[in-house]
Amino acid sequence: MDWHVSCCPILDIKSFFGFESTVEKIAMKQYASSIKKGKEIIEYYLRELEEEGITCVPRWSPCPPSPTKPVVPLVIPALPITPTISIEAPPERVNEIQGCKEDKLDADYIKRYLGDLTPLQESCLIRLRHWLQETHKGKIPKDEHILRFLRARDFNIDKAREILCQSLTWRKQHQVDYLLDTWSSPQVLHDYYTGGWHHHDKDGRPLYILRLGHMDTKGLVRALGEESLLRHVLSINEEGLRRCEENTKVFVRPISCWTCLVDLEGLNMRHLWRPGVKALLRIIEVVEANYPETLGRLLILRAPRVFPVLWTLVSPFIDENTRKKFLIYAGNDYQGPGGLVDYIDKEIIPDFLGGECMCEVPEGGLVPKSLYRTAEELENDEIRLWTETIYQSASIFKGAPHELLIEIIDASSVITWDFDVCKGDVIFNIYHSKRAPQPPRKDSLATHGITSLAGNNVQLIDKSWVLGQDYSMVESPLTCKEGESVQGSHVTRWPGFYILQWKFHSMPACATTNLPRVDDVLATLQVSSHKCKVMYYTEVLGSEDFRGSMTSLESSHSGFSQLSAATTSSSQSQSSSMISR
């Protein structure tokens, strides 16, 4: 009996041997995670010190105890580390962040709207948002939108900032924020474009179905042209963003992307018609640049033998992170284990894929040749779609500013402007002259053989004019940095001729990528001067009630409609812009 009792503890220890091994593995995993998190924090502070120009930090040594007061040991209870702002942000930034209620990213907000973020990722989001607030004065995209661009560049702030600013400028230039309200799809798209939204997948993501194999790509291109097809695809993406916001509210968890199901039944060599492939590649390029990380999953079903040919043409233009989200099924493989039922509820699988749910996506078919349009008609329509924006673009070179003439008949008129600095840094000036300048010298750099690169470049002020005699400055010069979006106004005091001038200021901002753009390379090869770009819109208001000045643009920068919350200043600028339409 005694022997039996003494052996029990030994048997108990052996029975828990597997449990101890599991606990040890969990502990080691947690330890490795803590080490990794600590490394992220240390690297963050090292980068902060480098940006401040600090290259040497003296070794820390404890302060000597005060002789008059006994040293009382401070005991701090161990607390679990949570991903809060204080972990990543230095003290001065914590105060700045806490001072603005909109900038607080508490755990509930992250979990509810953004999803899982490491402390370093949260810090990147805050830093990029603060940079946008400094340049766009608070009217910035929502955190979800900023986060998409950060994820697309693996949270490299400089690279994400570059593509985000380019996208925001593109959205503004082509009025993409108003696309869902202004774009009306032609009837031929309603009848023959084989795509549409269909419920949602198991993760709550909006589900878009495209029956590409049944689509007459050649007929659509011949009947509509590239621009109309591109506008239609952009409206689909804008609708997808709206549905993601709605599903975030419905499912009470962050839904930031959608699922696309592409049915390739019927795909053959006629779909590889060269102009059609060209239009497809352009659409992919625009979507990749302006809607990163919006595709959560792409299900390609019933891929035929010709699919590898199409994939070879298209895949190089698709981001590597996006390609990882592709699931390709040949034949009826999608009906077995690991197929559609893993991603879509059985009751909403479309009927043409063997399900029981009626799908309203058009079946397509051949577009009647009677709807085809001539090349001239398509070209004119595409020019109209491309130029219908109220904004104009201009290139600025060292020694060649871009100038805009505005004639004022009635004193106390109001000149308003809204411009984006797309590339480089510029100085913005406003001048007044009693006499009209000579006819503008346009594309003055054509002698260098780069007329097409110079784009819209007009010079009005003659070199013989003397400042203070022939013309005068009516506002102090304003230096505008690359990426800034500026609005402002000037109340005229005299009739006559006013000249708005954008002048080259300094070297363009540091490149954030090692891949140069084609136009930059060509410009460098053909001319030694540097180049800046602006996109602008101006309007003259004949109202004495309107009051503003050049300084008002400090607090009046452009908003981005459905991507950001509405504000008084952005609403005001929108209403003034609508007058000219």
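These numbers were taken from a predicted model, which means no experiment stands behind them.

1. Digging into the sheet that holds strand β6 (residues 392–397)
Hydrogen bonds between backbone atoms are what pair the strands of a sheet, whose relative direction is either parallel or antiparallel. Spatial ordering of the open sheet is given by β6-β16-β8-β14, a layout of four strands whose pairing is antiparallel. If you trace the sheet from one side to the other, it starts and ends with β6 and β14 (485–491), each paired once. Sheet twist, expressed as the average angle between the axes of neighbouring strands with direction ignored, equals 30 degrees. Across six bridges, β6 lies against strand β16 (residues 531–541) in antiparallel orientation. Its bridge partner being in β16, S395 is matched across the sheet by K533. Along the sheet, helix α8 (residues 157–173) contacts β6, β8 (414–423), β14 and β16; its crossing angle with β8, the most-contacted strand, is approximately 140 degrees.

2. A look at helix α13 (residues 274–290)
The terminal C-alpha atoms of α13 lie 25 Å apart, and with 17 residues this matches the ideal 24 Å at 1.5 Å per residue to within 8%. Turning to α13, its buried residues are G276, V277, A279, L281, I283, I284, V286, V287 and N290.

3. Digging into the sheet that holds strand β4 (residues 295–301)
Taken in spatial order, the five strands line up as β1-β2-β3-β4-β5 in an open sheet, and their pairing is mixed. The strands lining the two open edges of the sheet, one partner per strand, are β1 (195–200) and β5 (326–328). Averaged over all neighbouring strand pairs, the angle between strand axes comes to 20 degrees, with direction disregarded. Relative to β5, β4 runs parallel, the two sharing three bridges. Pairing of I300 across the sheet is with I328, part of β5. Sheet strands in contact with helix α12 (residues 226–251) are β1, β2 (206–210) and β3 (258–263), and its direction is about 5 degrees off that of β1.

4. Some points on the environment of L467
You can see L467 is positioned in the loop between β11 (458–459) and β12 (472–473). C-alpha separation for the pair L467 and Y431, spaced 36 residues apart in sequence, amounts to 9.3 Å. What L467 contacts, discounting residues up to four positions off in sequence, is Y431, S472 and M473.

5. Observations concerning the pairing of β3
Most of β3 is tucked away: six of the six residues are buried. With burial as the criterion, each face of β3 is covered, one bearing W258, C260 and V262 and the other bearing T259, L261 and D263. Relative to β4, β3 is paired through six bridges, and the arrangement is parallel. Of the residues in β4, the one forming a bridge with L261 is L299. On the question of chirality, the crossover connecting β3 to the parallel β4 by way of α13 is right-handed.

6. Focus on helix α7 (residues 143–152)
Of all ten residues in α7, eight are buried, a share of seventy percent or more. Against α5 (107–114), α6 (119–136), α8, α12, α13 and α15 (320–323) lie the buried residues of α7. One or two steps after α7, the chain reaches D154, where phi turns positive at roughly 50 degrees.

7. A word on the confidence of the model for the protein chain
On average, the protein chain scores 76 in pLDDT, and the residues at 70 or more come to 71%. Overall, residues 1–17 carries pLDDT values under 50, and its contacts beyond four positions in sequence, including any with other chains, amount to zero contacts. Low pLDDT, under 50, characterises residues 443–454; the stretch is placed with 26 contacts to residues that sit more than four places away or in other chains.

8. As for the side chain of D216
For D216, the location among the structural elements is in the loop between β2 and α11 (217–224). Although D216 is buried, it makes no salt bridge; R270 carries the closest opposite charge, 4.1 Å away. A distance of 3.1 Å separates a polar side-chain atom of D216 from the backbone nitrogen of G219. Once residues lying within four places of it in the same chain are set aside, the contact partners of D216 are R270, G365, L366, V367 and Y372.

9. Topic: the nonpolar core
Membership of the largest hydrophobic core comes to 49 residues, with the highest contact counts inside it found for Y193, L220 and L264. Of all elements in the fold, only α10 (187–192), β2, α11, α12, β3, α13, β4 and α14 (307–314) reach the threshold of two or more residues within this core. Here L264 is in contact with L212, G213, I300, L301, R302, A303, P304 and F307, once residues within four sequence places are set aside. Listed in part, the 23 residues of the second largest apolar core include I396, W417, F504 and C532.

10. Considerations on the pattern of salt bridges
A complete count under the given rule lists 22 salt bridges for this structure. In this structure, K142 engages E245 in a salt bridge whose closest nitrogen and oxygen atoms are separated by 3.1 Å. Taken together, the residues K142 in the loop between α6 and α7 and E245 in helix α12 connect sequence positions 103 residues apart. Note on K142: relative accessible area 31%, which makes it partly exposed. One salt bridge in this structure joins D425 and K481, with 3.8 Å as the shortest N-O distance. Here the residue D425 occupies a position in strand β9 (residues 425–433), and K481 occupies one in the loop between β13 (478–480) and β14, the gap between them amounting to 56 residues. Linked through salt bridges whose partners overlap, the residues forming this network are E226, E227, K278 and R282.

11. Re the packing of α7 against α8
Two numbers describe a pair of packed helices, the interaxial angle and the distance between the axes. The interhelical angle for the contact between α7 and α8, taken along N-to-C directions, is 125 degrees, at an axis separation of 8 Å. Our classification of the angle between α7 and α8 gives oblique. Crossing handedness for the pair α7 and α8: right-handed. Two secondary-structure elements touch here, α7 through H145, I146, F149 and L150 and α8 through I157, A160, I163, L164 and S167. Looking at the contact of α7 with α8 residue by residue, the class counts come to seven nonpolar, two polar and no charged.

12. A few points about the packing of aromatic side chains
Under the definition given, this model contains 13 aromatic pairs. Measuring from ring centre to ring centre gives 6.4 Å for W170 and Y291, while their planes differ by 90 degrees; the resulting arrangement is edge-to-face. Placement of W170 in helix α8 and of Y291 in the loop between α13 and β4 is noted, with a sequence separation of 121 residues between them. Residue classification places Y291 among the buried residues on the basis of a relative accessible area of 4%. For the ring pair W465 and Y471, a centre distance of 5.8 Å and an interplane angle of 40 degrees mean the geometry is tilted. One exposure class covers both W465 and Y471, and it is buried.

Procedures and definitions
- Residues numbered from 1 in each chain as written.
- Predicted model: local features only at pLDDT ≥ 70, side-chain atom pairs only at ≥ 80, totals over all residues.
- Heavy atoms only, no water.
- Pairing = 2+ DSSP bridges.
- Helix = DSSP H or I, 4+ residues; strand = E, 2+ residues; numbered from the N terminus.
- Axes fitted to C-alpha atoms, helices over the stretch in contact; angles between N-to-C directions.
- Contact = heavy atoms within 4.5 Å.
- Expected span 1.5 Å × (residues − 1).
- Buried < 20%, exposed > 50% of the residue type's maximum accessible area, 1.4 Å probe, protein only.
- Right-handed = clockwise from strand over helix to strand, strands pointing away.
- pLDDT = per-residue confidence, 0-100.
- Lys, Arg positive; Asp, Glu negative; His and termini not counted.
- Salt bridge = Lys/Arg side-chain N within 4 Å of Asp/Glu carboxyl O.
- Polar contact = N/O pair within 3.5 Å; in protein donor to acceptor, adjacent residues only side chain to side chain.
- Core = buried A, V, L, I, M, F, W, Y, C linked by side-chain atoms within 4.5 Å.
- Parallel < 35°, antiparallel > 145°, perpendicular 65-115°, else oblique.
- Left-handed = near helix turned anticlockwise from the far one by under 90°.
- Nonpolar A, V, L, I, M, F, W, Y, C, P; charged D, E, K, R; others polar.
- Phe/Tyr/Trp six-rings, centres within 6.5 Å; stacked < 30°, edge-to-face > 60°.

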